[in-house]
Each structure stands twice: as structure tokens, then as C-alpha cells.
Amino acid sequence: MPYAAPPETPPAAVSAALTTTNVRVTSSFRGARIVLYGAVFDPTAQPSDVVVIVRGPDAPLRMARKTRVAGVWVNSRPVVFEGAPGFYMAASTRPLGEIASFGTLRRLGAGVDHLAINAPLEERTETRYGVRDVVVSRLGQDYLDWRRAVVRLKEQSGLYAADEQGVTFVDRGLFKAEIDLPTAAPIGVYTAEIFLFQNGQPVSRRMRGLTVEKAGIERALYLFAHNRPWSYGLVSVAIALAAGWAASVAFRRN
Amino acid sequence: MDIYLPIAEVSVNAPILIALGAAVGFISGLFGIGGGFLMTPVLIFLGIPPVVAVASEANHVAASSTSGVISYTRRKAVDFRMGGVLAAGGAVGSFIGVEIFRWLRLLGQADLVVSLSYLIFLGVIGALMLSESLTSILRQRRGDPPKRRKDRRPPWLYGLPFKMRFPRSRLYISVIPPIVLGVFVGILSAIMGVGGGFVLVPAMVYILRMPAGVVVGTSLFQIIITTSLTSVLQAGRNQTVDVVLATLLLIGGVLGAQVGARASSRFRAEELRALLALIVLAVGLRMGLGLFFTPDEPFVLMAGNG
């Protein structure tokens, strides 16, 4: 049944806000939990589903596969993957597959299976069966194994998560989702997209921003290490030598 | 009490790290080694990225070696001239080693080379030291006279040009063997995140034939220079030195090294060597044998883009 709103009623809409928009990574940082609250405005009271997608900054990542060579497990040549967000969370009111079709989810990049992770350096285009510019990956049949491994390893470190019951309605039209940032969450600008689905189609969309940044002494040290790396190295060695000397003097007095 | 490390970007338990630093510092002072070969694997095991562990560990080794070397200097057990020659080679080795390490990381083979180096170097040196020290312990137990040390030194030590006098070590030898040894240890230092004492100490005893009394202090002295340089190079080239991590480790490390240096005079040299050999062997096997087991997870994520 195609969705068609009656002309006299306003269209359904979703609205949302984050409890925190700026996460400060200080020396006591042990991850953070951010709560997203939102409301669905729908005069027709159709069945609605809410999907929340949180993405951290994209960073290319390298992955290798261990292969056995002469009895020893060694790493293969590393493969560079692009398009993998540094943090990714998909929370929804129901399993994504029940909310929308494969094509819709793929188009929106909703769900870890629909992330546009690829390895551009491994790809080349060739003509196959008379079709020009077919993208072929050098990883061949194993490509899916590699892609799944990216997701699996990221999930293990808490950086990717899919929660099929992560969005809960706390009251009529009022919903809530929790975003858990692990300690390893990358620094940068995050986006939270909130979709309202009705009849398998996204009918409303909201975008909210979130910044994770180093603060205080952590930030000062990080900037020092990256902006003046040689001075930073000299200072850290000076600390080491001074500490060694101080300990030896202190012990001599005793 | 957890603390977030700004460069490693992980959260660690501070008291555990300080205690580890102290334990490794004690071993460092006791045996005259930097202790990096123990600490680096432990840090990796605790979840610190290997590149950060290797680079920050060089800093920690520099601190505990400084702490140790000062007490050896007071006992006149440091041959500064020999240490300087070794360090000159070590400086060259550090440059080469840091570049090799960058190149290996690009190829994705850094883990393999680190594990293999641990297995080969620690395995061989540990086994040799163990058999040598056990033989001499057994000989003493049986009451046999100690084997007379061969005074005939290998001719190549003397045949080579550029001879130099090392009064503290009572040697007059070519500078080529110590420099080559220094280069080799410098490379190991950068690749394995170690000071290289476990190679230097036996090499000074068996190859350079230095008197046992000055070996440990001289080794520590050369380690300070090499690891300080490695630390600056790693910070400058790779930005992988975590000063918070290094400071946590060295708080315990410098104190442990003092206690260890004092305790060393209470043990017999052979017993100390046998104990060190066991530790070296265990670490080498632990790091290396993993290469032969089928991994649970066939894929590995690597940090960064190269």
C-alpha cells in the first residue's frame, strides 16, 4: 500500500535532541552515555518506527588477514578500507529488516550491513560480458569475509553497535535512545540521524550534531605531541632522565 | 583509578601500571638490563597499541637505566669510554631501526617481525645463558675448581684496525666490534622496544671479554643514550610516545631500579644469570609461539593509513 497522506492533515514529522552535544575527553574519560530524546508528531496516528543512526568521523582503516606460510601465521598484505565510520550505531524500534526494504536501508546506509565500506585500491574496472566499467575487487570471492571482519572487529571494540530495541517509546509519541561511546571512540564530529518510518518509507528526518573532543591536559599534550613532535620528544626524555636521577639522589640520602 | 592516555587513546589502570613499572624496574636494576623486553609485551597485552608501547617503553627504559647507572657509577663500575663507543654505534642503529619499523608497518609485517625477533633473540640468548650458568652452578656445587677463563682472546678482536684503550675494562681492542654491536643493539631497540641489555650483557662478556664488574653498569650507560635517542626519534617521526604512559611507568621504574641495584650484590653472578635466562626464555617463547597456533580471529585491524 503506497503511502499517501490526506491533503488536509500536516505530514508526520519527527523531532529530537541530545542531552549532550559536546563530549569532553579528559584524563578521567571512561566512555560516555548520551541520551537522545525525540517526539513523533503524527495527527493520523499511523504505526511509526524510529531509526537512529549515529556516525563518527570516517577514517580509512587497514586490515590484514593471517595466513599460514611454512607453519607460521603471518599477515597478508594489508588492505585499505574506506567509508568505514570511526563509530557507528544503529538503534531502532524493531529489527531494521522489518521496518524497511533492503533497497531503502542500503540507500540510507542504515544498519552495519549497509555501510558503504569498500577497498578502492583493490578495485579495478574491466569489461565483462560486453559490459564496460564493471567494478571488480581483487579480493574476489573473499570480499564479503573481509567486509564482515571489519564490522566484527569494530563491534568487538564497542565502536559499532546495532540495537534492534534501542529506541523505546516512553510515552505517546515520545521516544528515547541511548548512545554509548566507548573509551576508544574517535575524536571528531559525530552526526545523529533520526528517521521516522511509516509503511516502509522514511517520511521525516532530523539531523543532530555531536562533538567529541579532547579537553584539558589531554588536549594540550596531544596537540604538543602532534604540532611540535621533536620538542615533545626532547621534553619526554628530559622527564625520564630527571626522574631517574632524582630517584637515585633520593635513595642515596636514605 | 583509571586514567586516559592522550596518545594511546585508551584508558588504563594507573596503580597497575605503576606496580608493573616497579617490578620491571627492580629486574632492570638487578640484572643491568633495561627491562623493555618484559614491559613491551605486557603493555601490548594490556591493550596499548603496539606502536605506542614500543615507543613509550624506550622512554621508560631510559629513566630506569639512569636511576641504575648512577649507583653503578659510584661503585666505579661503568666504563664510560666503552659505553660511548657502543652508543655511537647505537645511535646509527636507532636511525636505521626506526626507519625499518616504519617500513614494516607499511607492509603490515611489524607484528610478525616483532614476534619473530622475540622468539629468535630471546630464545637463543636465554637458552645459551641458561646452559652456561647452570654448568657453572653445578660445577660449584660439586666443588670442582672454576673453569679457568681462557685468557687467549679471539685474535680478530686484536687484528682489526682502529685500536683504542679502555682502561676501566683493561682492554686494548679495535673499536669496530663494539660499534657493530652498538648498531645491532640500536636496531633491535627500535624494532622490539627494548634497551637491548639482554644482547649487550652477554656480548660484552663473551665477545668483548670485558671484566664482569663493569659489564652491567656500562650496558646501562649505553642503553640510556640509545633509548633516549630512540624516544626522540619515535616522537619526532611517528608521534607515538605517550608521555603520560611513560611517566606512570617510570614512577615505579626508577624506584624499583634502585632497590634492584642494591639487591644485586646479595646474589651470586651465576644464580642471577640463570634466573635472568629463565625470564628471557619464557618471554621469548610466550611472544613467539603464538605464531604457530591457529588464530581465533583471522583478521587484524591496523591503526592508521600507513
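Residues numbered from 1 in each chain as written. Chains lettered and ligands numbered in written order. Predicted model: local features only at pLDDT ≥ 70, side-chain atom pairs only at ≥ 80, totals over all residues.

**Q** Would you explain the nonpolar core in this entry?
**A** Burial of nonpolar side chains together is a common tendency in soluble globular proteins. Counting 156 residues, the largest nonpolar core has Val50, Val51 and Val52 of chain A together with Leu122 of chain B as its most contacted members. Every residue in contact with Val50 of chain A, bar those within four places of it in the chain, is listed here: Val14, Gly38, Val40, Ser92, Thr93, Val167, Phe175, Ile194 and Leu196 of chain A. (Core = buried A, V, L, I, M, F, W, Y, C linked by C-beta atoms within 7 Å. Buried ≥ 20, exposed ≤ 12 C-beta atoms within 10 Å, placed from the backbone. Contact = placed C-beta atoms within 7 Å.)

**Q** Teacher, can you tell me more about the environment of Arg170 of chain B here?
**A** Residues and elements named next belong to chain B. Locating Arg170 in the fold gives a position in the loop between strand 3 (163-166) and strand 4 (171-174). Its 12 C-beta neighbours within 10 Å are what place Arg170 among the exposed residues. Expressed as a C-alpha distance, the spacing of Arg170 and Ser264, which sit 94 residues apart in the sequence, is 23 Å. (Helix = DSSP H or I, 4+ residues; strand = E, 2+ residues; numbered from the N terminus.)

**Q** Would you take a moment to explain the environment of Lys176 of chain A for this structure?
**A** Residue and element names in this part refer to chain A. Position of Lys176 relative to the elements: it lies in strand 13 (residues 174-181). A count of 19 C-beta atoms within 10 Å places Lys176 in the partly exposed class. In sequence terms Lys176 and Val50 are 126 residues apart; their C-alpha atoms lie 9.8 Å from each other. If near-sequence neighbours (up to four positions away) are discounted, Lys176 is found in contact with Val35, Leu36, Tyr37, Thr168 and Val170.

**Q** How do you make sense of the environment of Asn13 of chain B when you look at a structure like this?
**A** For Asn13 of chain B, the location among the structural elements is in strand 2 (residues 11-13). For Asn13 of chain B, the contacting residues outside a window of four places in its chain are Met1 and Asp2 of chain B.

**Q** I would appreciate a short explanation of the sheet that holds strand 14 (residues 188-198) of chain A in the present structure.
**A** Sheet strands pair by backbone hydrogen bonding; their relative direction is either parallel or antiparallel. Residues and elements named next belong to chain A. Spatial ordering of the open sheet is given by 2-15-14-4-8-11, a layout of six strands whose pairing is mixed. Both edges of this open sheet fall to strand 2 (22-25) and strand 11 (160-163), since each of them pairs with a single strand only. On average, each strand axis in the sheet is tilted by 15° relative to the strand beside it, whichever way the strands run. The sheet contact formed by strand 8 (residues 88-92) and strand 11 spans four bridges and is parallel. For Ala91, the partnering residue across the bridge sits in strand 11 and is Asp163. (Pairing = 2+ DSSP bridges. Axes fitted to C-alpha atoms, helices over the stretch in contact; angles between N-to-C directions.)

**Q** Hey, could you run me through helix 4 (residues 216-227) of chain A in this one?
**A** Note: α-helices contain 3.6 residues per turn, so residues at a spacing of three or four share the same orientation. All names here are of chain A. Between the first and last C-alpha of helix 4 there are 16 Å, a value that for twelve residues agrees with the 16 Å anticipated at 1.5 Å per step. For helix 4, the complete set of buried residues consists of Glu218, Leu221 and Ala225. Angular distribution of buried residues about the axis of helix 4 spans 70°; they occupy a single face of the element. For helix 4, exposure combined with an orientation more than 90 degrees from the buried face picks out Ala220 and Asn227. (Expected span 1.5 Å × (residues − 1). Arc of directions from axis to C-beta.)

**Q** Would you mind showing me how to read the sheet that holds strand 1 (residues 13-18) of chain A here?
**A** Residue and element names in this part refer to chain A. Taken together, four strands build an open sheet; the order of strands is 1-3-13-12 and the sheet is antiparallel. Two strands lie at the open edges of the sheet, namely strand 1 and strand 12 (167-171), each paired on one side alone. Averaged over all adjacent pairs, the angle separating strand axes in this sheet is 30°, with direction ignored.

**Q** Before we go on, may I ask you to explain the pairing of strand 2 of chain A in this structure?
**A** Along any regular strand the residues' side chains alternate between the sheet's two faces. Residue and element names in this part refer to chain A. Residues Val23 and Val25 of strand 2 are buried on one face, while the alternating residues Asn22 and Arg24, pointing to the opposite face, are not. Taken together, the four bridges between strand 2 and strand 15 (residues 201-214) define a ladder with parallel strand orientation. The residue bridging Val25 from the neighbouring strand is Lys214, located in strand 15.

**Q** Explain the pairing of strand 15 of chain A here, please?
**A** All names here are of chain A. With eleven bridges connecting them, strand 14 and strand 15 associate as antiparallel partners. Bridge pairing in strand 15 links Thr191 to Gly209. Hairpin remark: strand 14 followed by strand 15, antiparallel, with two residues in the connecting loop; positive phi at Asn199, about 50°.

**Q** I tried to follow the interface of chain A and chain B on my own but got confused; where do I start?
**A** Interfaces are often described in size by the accessible area the parts lose on coming together. Each partner contributes to the interface: chain A provides 47 residues, whereas chain B provides 45 residues. For the side of chain A that touches chain B, the secondary-structure elements that each account for two or more residues are strand 5 (61-69), strand 6 (72-75), helix 3 (143-156), helix 4 and helix 5 (229-253) of chain A. Considering each element in turn, the side of chain A that touches chain B owes the most residues, 16 residues, to helix 5 of chain A. Residues that form the side of chain A that touches chain B fall into these classes: 29 nonpolar, eleven polar and seven charged. Of the strand pairs in this sheet, strand 5 of chain A and strand 5 (residues 299-302) of chain B are connected by four bridges, and their pairing is antiparallel. Bridged to Arg65 of chain A within strand 5 of chain B is Phe299 of chain B. (Nonpolar A, V, L, I, M, F, W, Y, C, P; charged D, E, K, R; others polar.)

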